[in-house]
Amino acid sequence: MKRVLTYGTFDILHWGHVHLLKRARELGDHLTVGLSTDEFNKLKGKEAYTNYDHRKLVLESIRYVDRVIPERNWEQKISDVLEYDIDIFVMGDDWEGKFDFLKDYCQVIYLPRTLGVSTTKIKHDLSSSNG
Ligand code: C2G
């Protein structure tokens, strides 16, 4: 059983998120997602449109996601990798190199981001189309 782990806010879930989750899941047999809590989003300087419970509900409905855990801080990744016996840590390559410290504990893979879509772009496009 090869266990994969990734983290994110996953606000207003779009195909770029799904493509990341699909590729992450296909690297192993089980995917855990560390979902940023609303409080941690504030630390990240992000204001999610959808609250944690609703973002969790959506993620748990995705066929590629096997488990969702809360991401409460920047410091929990090593303990999560150990606690959940993770073999592969995956992030989009906008984070390239940022989590290489995890290479002491598991494989670290940065996957190319899906171009042309982002939650920020969706919000912007919708607000400008509404005048
Ligand atoms: N992503 C992607 N393509 C996009 C948008 C996002 O591949 N067009 C990926 C990101 O690279 C990330 C994941 O989808 O791996 C989740 O994206 P966000 O919700 O924006 O995550 P972020 O706020 O970057 O949080 O500790 C890590 C942080 O929690 C990451």
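Each chain has its residues counted from 1, running along the sequence as written. It should be noted that, the model being predicted, local features are given only for residues of pLDDT at least 70 and side-chain atom pairs only at 80 or more, the latter also being counted only at that level, while totals for whole chains, interfaces and linings use all residues. Derived side-chain values reflect all non-hydrogen atoms in the structure, with water molecules and hydrogen atoms excluded from consideration.

S.K.: What am I meant to see in the sheet that holds strand β5 (residues 107-111) here?
M.R.: Hydrogen bonds between backbone groups are what pair the strands of a sheet, and the pairing can be parallel or antiparallel. Strand order in this open sheet of 5 strands is β3-β2-β1-β4-β5, and the pairing throughout is parallel. Two strands lie at the open edges of the sheet, namely β3 (67-71) and β5, each paired on one side alone. Each strand axis lies, on average, 25° off the axis of its neighbour in the sheet, ignoring direction. Bridge count for strand β2 (residues 30-36) against β3 is 5 bridges, and the pairing is parallel. Looking at β3, one finds that T32 is bridged to R67. Contacting β1 (3-8), β2, β4 (88-92) and β5, helix α1 (residues 15-25) runs over the sheet at an angle of about 140° to β2. The contact criterion used throughout is that any non-hydrogen atoms of two residues lie within 4.5 Å. In this description, a line fitted to the C-alpha atoms serves as the axis of each element, helices being fitted only across the stretch in contact, and the angle between N-to-C directions of two axes falls anywhere from 0 to 180 degrees. A helix here means a DSSP run of H or I that spans at least four residues, while a strand means a run of E at least two residues long, and both kinds are numbered starting from the N terminus. On the sheet, helix α3 (residues 52-60) packs against β2 and β3 and is oriented at approximately 165° with respect to β2. Whether two strands pair comes down to DSSP finding at least two bridges between them.

S.K.: Any chance you could explain the environment of D104 here in plain terms?
M.R.: Looking at where D104 falls in the secondary structure, it is placed in the loop between β4 and β5. Judged by relative accessible area, D104 falls into the exposed class, the value being 68%. Along the sequence, D104 and S79 sit 25 residues apart, while their C-alpha atoms lie 12 Å from each other. Between buried and exposed lies partly exposed: a residue is buried under 20% and exposed over 50% of the maximum accessible area for its type, with that area taken using a 1.4 Å probe on protein chains only.

S.K.: Before we go on, may I ask you to explain the side chain of E71 in this structure?
M.R.: As for its placement among the helices and strands, E71 is situated in strand β3. At 2.7 Å, the side chain of E71 and the side chain of S36 are in polar contact. Here a polar contact means two N or O atoms within 3.5 Å. Within protein one must be a hydrogen donor candidate and the other an acceptor candidate, and residues neighboring in sequence count only if both atoms are side-chain atoms. Among the polar contacts listed, one links the side chain of E71 to the side chain of K77, at a separation of 3.3 Å. Excluding residues that lie within four positions of it along the chain, E71 makes contacts with Y7, G8, G34, L35, S36, T37, F40, K44, Q76 and K77.

S.K.: When you look at the pairing of β4 in this model, what are you seeing that I'm missing?
M.R.: Along a regular strand, successive side chains alternate from one face of the sheet to the other. Taken across its 5 residues, β4 has 5 buried, putting it largely inside the fold. Alternating residues of β4 divide into I88, V90 and G92 and F89 and M91, and every residue in both groups is buried. Here β1 pairs with β4 via 2 bridges, running parallel. Looking at the pairing, V4 lines up with I88 of β4. Where β4 and β5 come together, 5 bridges link them in parallel fashion. Across the sheet, G92 pairs through a bridge with L111, a residue of β5.

S.K.: Looking at this model, I keep getting lost on the site of the ligand. Mind explaining?
M.R.: The ligand sits among 22 residues. The nearest are K46, E71, K77, D94 and V117. A cavity here means a set of points on a 1 Å grid, drawn over the protein atoms and nothing else, where a 1.4 Å probe fits but cannot get out; a pocket is an open set with protein on both sides within 12 Å along at least five of seven lines, and a residue lines either one if it has an atom within 4 Å of a point. A molecule is said to be in a cavity or pocket once over half of its atoms fall within 2 Å of that pocket's grid points. Structurally, the ligand is housed in the largest pocket. Among the secondary structure elements, those contributing two or more residues to the shell around the ligand are β1, α1 and β4. When residues of the shell around the ligand are assigned to their parent elements, the largest contribution, 3 residues, is made by α1. Of the residues belonging to the shell around the ligand, the class tally is 8 nonpolar, 8 polar and 6 charged. Each residue is tested against the molecule or strand, and it is near if at least one of its non-hydrogen atoms lies within 4 Å. Any residue outside Ala, Val, Leu, Ile, Met, Phe, Trp, Tyr, Cys, Pro, Asp, Glu, Lys and Arg is labelled polar, Gly included; the first ten of those are nonpolar and the last four are charged.

In short, geometric facts, not functional conclusions.
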